[in-house]
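Coordinate analysis (summary)
Residue strings, one per chain:
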Amino acid sequence: MSTSWTQKPVTILGLSKSGMATARYLASRGAICFVSETVPATPANKDSRDELQALGVEIEMGGHSAKCFNHSDLVVVSPGIPPSSQILKELSLSGKTIISEVELAYRETQVPFVAVTGTNGKTTTTTLISEILQAAGKISPACGNIGTPIISLVDAPADYFVAELSSFQLTFSPTLRAQVALFMNFRPDHLDWHGSQEAYKRAKFSLFEHQQPTDWSVLNADDPVCVELGTLISSKALWFSRTPASVADYPNAVTLQSEGTIVIRTDGGTWEPLFSIHDMKLVGRHNQENVLAAAAATWLLGIDAATIASAVAQFEGVEHRLEPVGVFNNIAYYNDSKATNPDASLSALEAFSPRRVVLIAGGRDKKTDLQEFVASVAKNAHHVVLLGEATERFAQALQTGGYTQISKAQTLDEAVQKATSVASADTPVLFSPACASFDMFQNFEARGRAFKQAVHQLLAVSSPS
C-alpha cells in the first residue's frame, strides 16, 4: 500500500531521469524533498532545476553536502551512483535506508511486476513481453531501465509493469518481488560499478530472493549462472533454450524444434506449438533466445498461442539494437549502439553469419575479457574501425589475436566514413561498440542517434537534389 508522505523528509541522490520522477512523485504527495547532484548547475540542467524549484524541492548542485546526512533517514539513489562511491558508503555507515526508485515504486503500488534482468537481451525481451500483453488487451507498460521510471506510472491504471531491471537498480531494491522474473544470461560486465563479478552476480540474483512458490522464474538453460540460480530459488522455474536437449529433463520448458517451431510445456505435459521462427522479423540466434523467453513469460500469464504468435510476427525490434538504418551505394548500415559490452557485440556479429561485416566499435572500456570478442571478430568481421577510449586496448587485443584489418578514428563521423570506404554490398556496416558510451556521449541512445545521423548524411549526399 502507498505511504502517506505529507511532511515526510526524503533525500534524493542524483538529478537523473529516475531522480526527477521520484521528486515529482513525492513532492506531489507533500513530501519534503531534497535533491543532491554532483554535476554543477549548467544551462543543460536548468529546465530540471526550474521544475523542481516550482514543486518546492530543494536542490544542491556540484557536490553532496552534510545535508545528505541530516535531512532524512530515507535516501532514494539514482542508478548511476555505485555502492563504492564515498557518499553511499558514508550514508550506509550512518544507518540511512538507501533504496532505488524501482524499490520505491514497488512499495507504492499493487500492480504485479514482470521483471527482466541479465547482461544482454533485456530491452528486446522486455519490449516484446509488453507488446504481447498489450495485444491481449492488458495495460502493460515497458518501464524501468528501458527508459521510463516506474514511479512515474504508479498513478495510472495498469495490469502489469513489465520492467527491465539493471544490476544497478536491483542493488538497492531489497524487497522487490516479481510475479514472473526472467534471467536472460550472465556475462562479466559493469565490474567498474560493482567492484567484482561476484557482486554483480549477487545483484542479479537478488531479483529472485523474494519470490514465492506461486511465482515463476524464466531461466536460460544454457547459462551456467542461471543453472546455479535454479538451485537457489523458491519459485517455479521454466527453462528456455534453442536446443531441445538442454531442456529435455525439465517439466517446464520452451524450446526450438529442428524445423523451426517454438514449443512449450508445463508440468511435464505435452509440447504445445506456439509459432514458427520463420515468422519472426528479428535476426540472430540471440534474438531467438529473447523471443523464447518472452513467449514463455506471457504464456505463464495466460496469453494464448495465437496472440503470442501474432505479436511476435509483427515485432520489429527496438531502437539501437540491430536497427536497420539505411542503404548507401548498396551498403547496408545497422545501429547496435545498445551493445555496451563485448558479449553483446559478439551476438550482433554472429547474427550476420555467414556474411562478414565492417564493424565500428569502441567507447569507454569496461575492462572485460576480450578473448571471445577477438575470436568472433576474426571469424565475422571484414574490417574493424575503432574509436574512443578503448581504441588502443582493443587494437592490441585484436593484433595479438592475429587480426590486423584495423582502422582508427577520432570521431563517429570519421568512423562511418572509414567504414564506408572498405564496405560493400556483401559486407554491411555494423555499429556495435562493445563499450559504454560515456567517453563521447551522454548515453547509448545519444550515441545511436549520432550514428544514424552520420549515415543519413551519407544518404543525403547520395540522393539526387
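Residues numbered from 1 in each chain as written. Predicted model: local features only at pLDDT ≥ 70, side-chain atom pairs only at ≥ 80, totals over all residues. Heavy atoms only, no water.

Right, let's talk about the environment of Ser140 for a bit. With respect to the secondary-structure elements, Ser140 resides in the loop between α6 (122-135) and β7 (142-144). Overall, Ser140 belongs to the buried group, its relative accessible area being 2%. Aside from chain neighbours lying at most four places away, what touches Ser140 is Ser130, Leu133, Gln134, Tyr160 and Val162. At 3.5 Å, the side chain of Ser140 and the backbone nitrogen of Gln134 are in polar contact. (Helix = DSSP H or I, 4+ residues; strand = E, 2+ residues; numbered from the N terminus. Buried < 20%, exposed > 50% of the residue type's maximum accessible area, 1.4 Å probe, protein only. Contact = heavy atoms within 4.5 Å. Polar contact = N/O pair within 3.5 Å; in protein donor to acceptor, adjacent residues only side chain to side chain.)

Contact pair helix α12 (residues 285-300) / helix α13 (residues 305-314): the axes reach a minimum separation of 10 Å and the direction vectors enclose 145°. In terms of crossing hand, the pair formed by α12 and α13 is right-handed. Across from Val291, Ala295, Thr298 and Trp299 in α12, the residues of α13 making contact are Ala305, Ile308 and Val312. Among the residues forming the contact of α12 with α13, the class breakdown is 6 nonpolar, 1 polar and no charged. (Axes fitted to C-alpha atoms, helices over the stretch in contact; angles between N-to-C directions. Left-handed = near helix turned anticlockwise from the far one by under 90°. Nonpolar A, V, L, I, M, F, W, Y, C, P; charged D, E, K, R; others polar.)

Here the focus is the sheet that holds strand β11 (residues 236-241). By way of backbone hydrogen bonds, the strands of a sheet pair with one another, either parallel or antiparallel. Taken together, 9 strands build an open sheet; the order of strands is β7-β8-β6-β9-β10-β11-β12-β13-β14 and the sheet is mixed. A strand with exactly one partner marks an edge of an open sheet, and here the two such strands are β7 and β14 (272-276). For this sheet, the mean angle separating the axes of adjacent strands, direction not counted, is 20°. Strand direction decides the pairing type here: strand β6 (residues 113-117) and strand β9 (residues 180-183), joined by 4 bridges, are parallel. Paired with Ala115 across the bridge in β9 is Ala181. (Pairing = 2+ DSSP bridges.)

Ranked by size, the top nonpolar core spans 52 residues in total, and within it Ile150, Leu165, Phe183, Leu207 and Leu219 carry the most contacts. No other element matches helix α1 (residues 17-28), which puts 6 residues into this core. What Leu165 contacts, discounting residues up to four positions off in sequence, is Val102, Ala115, Val116, Thr117, Lys122, Asn145, Ile150, Leu170, Leu176, Lys204 and Leu207. Formed by 41 residues, the second largest nonpolar core is a distinct cluster that contains Phe275, Val291, Ala294 and Ile308. (Core = buried A, V, L, I, M, F, W, Y, C linked by side-chain atoms within 4.5 Å.)

On their own, these measurements won't tell you what the molecule is for.
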